[in-house]
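# A closer look at the structure
Now for the letters of each chain:
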Amino acid sequence: MKPAAKSALFAFTTVFLWSSAFPITKIATQCFSPNALGLMRCTLASVILLIIGSMNHLRKPMKALHIPLFFLSGGLGFSLYMIFFNTGMLTLSSATSSLIIATTPVLTAIGASFLYKEKISIIGWAAIGTAFAGVAVLLLSDSTKGGLSGGSGLFFMIAAAMVFCCYNLLNRKLLSMGYTAVEAVTWSMVCGAVLLMFFIPQALSQVSQSSPKALLSVIFLGAMPSATAYLLWSKAFSLASK
C-alpha cells in the first residue's frame, strides 16, 4: 500500500475512533470532573503507549533540550485539550462539539501553510471556506431543530480545537527532528499526564464514588480515542509529510 493510501487509512480510522469520544465523554462526565477525567484518560493512554513503545524500540528523548518540546506538545495536545474538551462537553451536545472539533484539520492546514510553507491549492482554499461556512451555518441554526447547543461550552470547545491545532504543528516538528510516530505521541502523552498529576486527589476521590459504567467509559477513552487514535494520527501525519 502506498504511503498516501496508508496515511488516509490511518486518518480515517483515527477520526472514527475520535468520534466515539463525544458520547462516551458525556457518560464519563456524569461521575468525573473535567480535570480528573483528563488525568485518568492521559495516564491510561500513557501506560498503553509505553507498552506499545517497549515493543517497538522506543527511544528516550535524544537531547535534554527536546524535553521542553515534549512538555509543550503534551501540554497543548493532551493536558489543555482534555480539560477544554471535557469542560465543553458539560454543556454542549455531541453534535455541536463534533462540528467544532472538525475544524481542527482545517486550522492545521492553514497553520502548516504559514509555518512549513505548504501550498494550498485553490480547491483546498475553497474546501476550507466551505468547511468554516458549513460549521457557522450549523452553529447558528435553531438549536431546537438541529439538536445543536451553545453556551459557555462553545468557547471551551473552540479553545480545544485551537490547542490541538498547535499540537499537530508541533508534532510535525518532532517528526522532522527524527522521532518516530510512536516516540512523538508517547512522550507527549506522558508529559501531558505529568502536567495533570495535580488532580490526583480529585480523581481518587471521584473514582471511589463512580459507577462501573463510568469507569468502563474512562478505560475506553484512554485505550481507544486516546492511545490508539493518537498513535494512528501521528503515523498518518508522518506518512503525509514524506
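Details of the structure are given in the entry above.
What you see as residue numbers is a count from 1 along each chain, following the sequence as written. Side-chain atom pairs in this predicted model are given and counted only at pLDDT of 80 or more, local residue features only at pLDDT of at least 70, and totals for whole chains, interfaces and linings cover all residues. Where side-chain values are given, they derive from all heavy atoms of the structure, hydrogens and water being excluded.

### Concerning unusual backbone geometry
Phi is mostly negative for residues that are not glycine, and the peptide bonds are mostly trans. Short version of the rule: Numbering of helices and strands starts at the N terminus; helices are DSSP runs of H or I of at least 4 residues and strands are runs of E of at least 2.
Despite not being glycine, H57 shows a phi value in the positive range, around 55°. With respect to the helices, strands and loops of the structure, H57 is situated in the loop between helix 2 (34-54) and helix 3 (67-89).

### Some details on the environment of P23
Heads up, the condition is: Between buried and exposed lies partly exposed: a residue is buried under 20% and exposed over 50% of the maximum accessible area for its type, with that area taken using a 1.4 Å probe on protein chains only.
In this structure, P23 sits in helix 1 (residues 3-28). Assessed through its relative accessible area of 40%, P23 is described here as partly exposed. For the pair P23 and M89, spaced 66 residues apart in sequence, the C-alpha to C-alpha distance is 9.1 Å.

### Re the packing of helix 3 against helix 8 (residues 153-176)
Any two packed helices are characterised by how steeply their axes cross, that is the angle between the axes, and by the distance between the axes. The following threshold applies: In this description, a line fitted to the C-alpha atoms serves as the axis of each element, helices being fitted only across the stretch in contact, and the angle between N-to-C directions of two axes falls anywhere from 0 to 180 degrees. Here is the rule for angles: anything less than 35 degrees is roughly parallel, anything more than 145 is roughly antiparallel, 65 through 115 is roughly perpendicular, and the remaining ranges are oblique. Left-handed describes a crossing whose near helix is turned anticlockwise from the far helix through less than a right angle; right-handed describes the clockwise counterpart. Amino acid classes used here: Ala, Val, Leu, Ile, Met, Phe, Trp, Tyr, Cys and Pro are nonpolar; Asp, Glu, Lys and Arg are charged; the rest, including Gly, are polar.
For the pair helix 3 and helix 8, interaxial distance at closest approach is 8 Å and the crossing angle is 160°. Viewed along their axes, helix 3 and helix 8 adopt a mutual orientation that is roughly antiparallel. Classified by chirality, the crossing of helix 8 by helix 3 is left-handed. Here the residues of the contact of helix 3 with helix 8 are counted per class, giving 20 nonpolar, five polar and no charged.

### Observations concerning the layout of surface pockets
Counted only if it meets this: Of the two site types, the cavity is a set of points on a 1 Å grid over the protein atoms alone where a 1.4 Å probe fits but cannot get out, and the pocket is an open set with protein on both sides within 12 Å along at least five of seven lines, each lined by residues with an atom within 4 Å of a point. Grid points are joined across faces, edges and corners, and a volume is the space filled by probe spheres set on the points.
Computed from the structure, the second largest pocket encloses a volume of approximately 310 Å³. Around the second largest pocket sit 16 residues that line it, and V15, W18, F22, I101 and A102 are the ones nearest its centre. For the lining of the second largest pocket, the secondary structure elements donating two or more residues are helix 1, helix 3, helix 4 (94-101), helix 5 (104-115) and helix 11 (212-240). Among the elements that take part in the lining of the second largest pocket, helix 1 stands out by supplying five residues, more than any other. Class assignment of the residues belonging to the lining of the second largest pocket gives a composition of twelve nonpolar, three polar and one charged.

### Quick word on the side chain of S234
Selection rule: Any two residues whose heavy atoms approach within 4.5 Å at even a single point are treated as in contact.
Relative to the helices and strands, S234 is located in helix 11. With residues near it in sequence (within four places) discarded, S234 still touches N171, L175, A181, A184 and V185.

By themselves, these are just geometric observations and shouldn't be taken as functional.
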